[in-house]
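# Structural overview for review
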Amino acid sequence: QVQLVESGGGLVQAGGSLRLSCAASGNIFSINDMGWYRQVPEKQREWVATITSGGKANYADSVKGRFPIAQDNAKNAADLQMNSLKPEDTAVYYCWANIYTTARRSDLFWGQGTQVTVSS
């Protein structure tokens, strides 16, 4: 079994910062990519950022330059540092990870989601 546990959401004023953390635990052989999506009610889940095990990061245009993502391979974790937050960043943020549970099998796992609310 693999679990992803997120932390760090909350309420912040526009222009402020929050740091989201995602930690993977369980039957992990290795982790390939990790990243974040976000979702607001009645809208599709929106990709935010991805980081590979090699440290290559990609970002949605809406967060590029504001939300650096970092991965801690030793801790099987990834952090999303959210800076210069805007009200439109308000959403439930979901961590995901592409994890190898054996040398040959990988699956996509999701966290439970954490609410981020940015007030104007």
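Residues numbered from 1 in each chain as written. Predicted model: local features only at pLDDT ≥ 70, side-chain atom pairs only at ≥ 80, totals over all residues. Heavy atoms only, no water.

To continue, consider the sheet that holds strand β7 (residues 69-72). In any sheet, the strands associate via hydrogen bonds between backbone groups, in a parallel or an antiparallel arrangement. Here we have four strands laid out as an open sheet, ordered β1-β3-β8-β7, and antiparallel in their pairing. The two strands at the open ends of the sheet, each matched to only one other strand, are β1 (2-7) and β7. For this sheet, the mean inter-axis angle between neighbouring strands, taken without regard to orientation, is 15 degrees. Relative to strand β3 (residues 18-26), β1 runs antiparallel, the two being bridged by six bridges. Bridge pairing in β3 links Glu-6 to Cys-22. (Pairing = 2+ DSSP bridges. Helix = DSSP H or I, 4+ residues; strand = E, 2+ residues; numbered from the N terminus. Axes fitted to C-alpha atoms, helices over the stretch in contact; angles between N-to-C directions.)

Okay, the pattern of salt bridges next. Taken as a whole and judged by the stated rule, the model has six salt bridges. Salt-bridge contacts for Asp-79 lead to Arg-19; the nearest nitrogen and oxygen are separated by 3.2 Å. You can see Asp-79 sitting in strand β8 (residues 77-82) and its partner Arg-19 sitting in strand β3, a full 60 residues away along the chain. For Arg-19, a relative accessible area of 43% puts it in the partly exposed group. The partner of Asp-89 in a salt bridge is Arg-66, with the nearest N and O atoms 2.8 Å apart. Note that Asp-89 is positioned in the loop between β8 and β9 (91-100) and Arg-66 in the loop between β6 (57-59) and β7, a separation of 23 residues in sequence. Per residue, the accessibility class of Asp-89 equals that of Arg-66, and both read buried. Salt bridges sharing partners connect three or more residues here, namely Arg-38, Glu-46, Arg-66 and Asp-89. (Salt bridge = Lys/Arg side-chain N within 4 Å of Asp/Glu carboxyl O. Buried < 20%, exposed > 50% of the residue type's maximum accessible area, 1.4 Å probe, protein only.)

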